[in-house]
Each structure stands twice: as C-alpha cells, then as structure tokens.
Amino acid sequence: MRKLLLLSFLIVGVLSCQPDGDDPISDPTVLVNKDSESLNTRLSLEGAGVVGIISSDVINGRLKEDEELAGKVPLIMVSQVDPPLYEGKILKATHVDIADGFAYVSYNTEGAEFFGAIEIFDIADPLFPKITSQAVFINADINSLTYKEGKIYAAAAFDIDKEEGIKTPAQLVMVSVVDGIFTSDFTKFDIEGWAAVDVSATDNDIAVASGSNGLVGLFDSKGEMKAEFPMADLRSVKYGNGVLGALSGTEGITVLDPASLKVLSTINLERDIAESKRTLDMGPGFLLASEGRKGVGVYSIETGTLMQRLDIPLNPEGVAEGDIVTNAVSFDDGKVYMAKGGAGISGTQLMENDILEEIGILGINGSSNFIKAHNGYIFVASGSQGLQILTLTDKDELALDPGIVCGGFPAYEGSTNLNVNTNEVMEFSGAASLKNVNVGGQLTFCGSLAIENSLNLNSGGTFMMNGSFVFGQYNRNNTLSINSGAVLKVSGSVVMYGDLNLNSGATIEFVGEANSLTIFGRVQKGQDVVIKGDFIDTENKLK
C-alpha cells in the first residue's frame, strides 16, 4: 500500500461517485461530532494576548533592542487549539479556508496510516472562536480544502484497501454545510493518482491537484470533470486575478486559463525538495510562491518576471537546516505572511510603490507548516502543536466624542517603549504595537493600540484611548497599573489579557456608548476606585 505525500495536482477523471443521500453520521468511515462543548475543550488561552513583532535587525544583532521602533501592526493571539486525536494518533492541520464568519480546517496523519479530519470554527466573535462541528475520516488523509457557496470541497488520499466503493486512492470529497454544521452526505469522486493534495475554487468551477504523475483538473459543483492539464510534481493550485496558477516542484509555475486550462504563461523556478509542502497565493497583479529555502518569490502575472524576493530573515540556532524553509504564504489586505518551518512566521507590508517592506517576525512559539490570513484573521498550523488563531486589531478611531477629541494627530513613529513625563502632552493616531508605556502626563491615542508587557499610569497621569486597545499576555505577569489620581478614559473597546491593578483613588471612565471591556487576567481593586460610564463588562470582572 503506497501513501504518497507528493503535493501534486488534480483530477484525471471522475470514475465513480458514491450515491447521494447517505447520512454522514451513518457512514461508518466518517465520524461526525456536533458536540461543540466537548470539541472546545481543546481551545485554551495559553499564549493568548498581544503578539510581539520583532525586527530581524534586532534578532540578527544589527540593531540594539532599545533602539527598536514600535510596530505598525497590532496583533493578538486569541486561542491555542490542541490537535485532534484519533485512536491515540495526532492529526495535523494541513490547510485552512476562511469565509463568512467560519474557518474550515483540514487534517491528516504522517506515516503509512490514513486518518484525517475536517473541522469548522465559528469565528464571528474574534475573541471567542469555537469549534462547531468535526468529521473524522478513519480511512483518509484530508490534505486541503476550500469553501464555496455552502459546500466544502476537500482534496483527500484514501486507504483503497479499506475504503469501500472507490477505485483510486485520490478522491475529491464534497459536503454541504449550513451555519457551521455538516448537512449532507460526504460524496466522494475517484481521481486517478495516489493523493489529491490541493484544491481551489474558481468563479465557476473547482480546481483539484492529484497523483504522482500530476494533473490539474476542473470540476463543476456536481463533481463532473470539465477539463484537465497534465503537470508533473504538482504542489499547489490557486485561483486569483482571473487566472489559475499551478506550482510544480520540477516545472515551476504554469499560469492557466481558469475555464479551459490552456497555458497562458510559464515561470521557471529551481527544482524544489521532493515531497515538501508549498503553496501559492495572489495579490493585486502578482503571484506569490513559497519556494522552500529561497523564501517567497513575487512574480508579475502579466509578464512572469520576478518582482521581488522575500528571503527568510532568521536562521535560529538549534534548528535543523532542513526545517528552515518557507512552506506556505498568504496575502491579506496588503500584508504577506510566510510560514517558515522552524524559523517561525514573518510578515511584510505592501507599500505605495508596490514594494513589500518587512513588518517583522511574529513572536509566537512552534514550527509553522501552514498559514492562512483572511479579513484580519490569521490561522497558523504548527504540526503536532495544533493551531494558533490570531487576529488584527487594526481599525480606525471611533466617531469623535466630546470626551476624547481626535483631530489630525500624527502617527506614532517612536520607540517600542514610550514614556510620557509629568506635564507632557502627547497625541497620536493610527495603529501601533508597543512593549512598555509609562504615563505621568497626558497621552491620547486614536485608532488601534496594543501594549505587550506593561502600562503604568502614575499619580496624576491620564491616558485617553479612542478606538481599540489591547493589553498584555495571558498568565505572563503583565500588569496594567492605574495609581491614585490617575485616569484611564476610553471610547471604544478594551481587551486585557494581562492583569489589572487599580490602586486606591484610581479612575476608569468610559465615554460615549457601545463601549466594551474584556478582562481575561486578574483584577486587584483598592479603596475609592471610580469606574463610570456606559460599557459592557463581558467577563464580569469589574461590575
């Protein structure tokens, strides 16, 4: 029995189809669990909170730590998700798709055995993700998936010796979902090859990759194949900018017409490591390819020329050279995120001159084999360590409120450590991520602000925040201290993963309406503390 992990593409032909009407719960090879309470015991706040983004210049010693400038991307980890288990085997996340307030995650198992899963996460509330449904495949790896118009399409590899009713190990699996729940049978379509490894939805069809010989194929929503294109050693397929890109480990990138699969252009790449994870993504007018040790290549879709190369900025000690590779790349709202194995996650920002500039390296633990960013959400797959769910808190300031006036303040361009001395007045806007802030005078910030380690409001100090404010990391001894005579005035939302220390005589004031406060850390409150204004205390820590 062979189990190929080659990332190759697509569908050579629909040879058979399982009959419609099977209840997924009654299928003995697919175990469906809709008990959200039991599924969510795998979610935890371990590591949750503000994610520091460190410049590669600091890590590589080209810049002193106290010279580091504040980040421009306020980012928080909202949950750590342990991997699912089946019969003691760890299922590892392989792919994520995000649409309409839900995230769809696929899993497989390393080695000769075939175990996989599909899980659905409700992410409508960015602070409280939850698993709504799970399907475990006891005879199959699920290598990739995509969501389109109420259906999940999954690229799978089945144990043909155990799974009845199929003729090839490679399969396209389809299932309907509504509100995070599987609502139909799991329909399987035979595909020539040992493993279907990737899938992408075009405007009208589904493109799938399968087989060691390599094929890109187009299927309609009923599973009928419309076209096919042979291509060896396929790794990834991605639709965007009106074209379909196909990545091969030996033939580079082929740009195809998404309706006919006719070749539009080709991009030559160096031969890649065999049987390794690689992905494609699209930005405005360009294509991004993860290229292992070479980082990410950014290519013009129109001309096929290399526009820019995003190298791996970090070579950490104690990590094997073979684990310092770019496995996946994801583009979202002008930002590019790269999963680089043992070198972690790095990000870049698309600037006005169409050049990508480094944001930095995300301060999260574990090796990264896949990343998906969409609408401010970021899912990082870390093999046996499970998933990490992150979200951006980058948003504009709220409507102006007489209590906190925001008018033409400059962006913060200073150090990651900010000190506002007594009698000083500082006013900023935009988005910033800092490590430590000390306020003795008056600080106003309009927009989105994240503070990683400490915030201290000295006696007589005032901090006015209009927009979104996130503080600290869970269970890491980070403290926000408001001393006697100091005032924290807020219009918007506040999330505290660290601890809150309200000394005697401290004041928290919410101005305007629709304010919210979420505190995950501990609260210590002295005497004569004043808390006033209209706000929702989601965790009932203050009221």
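Below: a short report on this structure.

Rules behind the numbers
- Counting of residues starts from 1 at the beginning of each chain's written sequence and follows it residue by residue.
- Restriction of local features to residues with pLDDT of at least 70 applies here, the model being predicted, together with a cutoff of 80 or more for giving and counting side-chain atom pairs; totals for whole chains, interfaces and linings are based on all residues.
- Computation of side-chain values covers all heavy atoms of the structure but excludes hydrogens and water.
- Nine residue types can take part in a nonpolar core, namely buried Ala, Val, Leu, Ile, Met, Phe, Trp, Tyr and Cys, and a core is a set of them joined through side-chain atoms within 4.5 Å.
- To sort residues, take the accessible area from a 1.4 Å probe on protein chains only and compare it with the maximum for the residue type: under 20% means buried, over 50% means exposed, and anything in between is partly exposed.
- We define a salt bridge as a side-chain nitrogen of Lys or Arg found within 4 Å of a carboxyl oxygen belonging to Asp or Glu.
- By the criteria applied, helices consist of DSSP H or I runs no shorter than four residues and strands consist of E runs no shorter than two, each listed in order from the N terminus.
- Strands pair, by our definition, only if DSSP identifies at least two bridges between them.
- Whenever a helix is involved, its axis is fitted only over the stretch in contact; in every case the axis is a line through C-alpha atoms, and angles between N-to-C directions fall within 0 to 180 degrees.

## Here's the deal with the nonpolar core
Here is step 1 of the chain: Of all hydrophobic cores here, the largest spans 51 residues; its most connected members are Phe121, Leu387, Leu390 and Tyr497.
Here is step 2 of the chain: Membership of the second largest hydrophobic core comes to 37 residues, among which are Ala432, Leu443, Met496 and Phe535.

## Looking at the pattern of salt bridges
Here is step 1 of the chain: Applying the stated criterion across every chain, the model contains 14 salt bridges.
Here is step 2 of the chain: Residue Glu452 pairs with Lys435 through a salt bridge whose shortest N-O separation is 3.2 Å. Taken together, the positions of Glu452 in strand S38 (residues 442-457) and Lys435 in strand S37 (residues 425-439) put the pair 17 residues apart, joining distant regions of the chain.
Here is step 3 of the chain: For Lys435, a relative accessible area of 15% gives the class buried.
Here is step 4 of the chain: A single salt-bridge network, built from bridges that share partners, covers Asp27, Glu163 and Lys188.

## Here's the deal with the sheet that holds strand S9 (residues 102-108)
Here is step 1 of the chain: Spatial ordering of the open sheet is given by S1-S11-S10-S9-S8, a layout of five strands whose pairing is antiparallel. Where the open sheet ends on each side, the last strands, each with one partner, are strand S1 (30-33) and strand S8 (92-99). If you compare each strand with its neighbour and ignore which way they point, the axes differ by 15 degrees on average.
Here is step 2 of the chain: Across seven bridges, S8 lies against S9 in antiparallel orientation. From the neighbouring strand, His95 faces S9, where its bridge partner is Ser106.

## What about the sheet that holds strand S25 (residues 280-283)?
Here is step 1 of the chain: Reading across from one edge, S25-S26-S27-S28 is the order of the four strands in this open sheet, with antiparallel pairing throughout. In this open sheet, the two edge strands, each paired with only one partner strand, are S25 and strand S28 (306-310). Pairs of neighbouring strands in the sheet enclose a mean axial angle of 20 degrees, with direction left out of account.
Here is step 2 of the chain: Direction of pairing for strand S27 (residues 296-300) relative to S28: antiparallel, over a ladder of four bridges. Bridging from a neighbouring strand, Val298 pairs with Gln308 of S28.

Read these as geometric descriptors, not functional statements.
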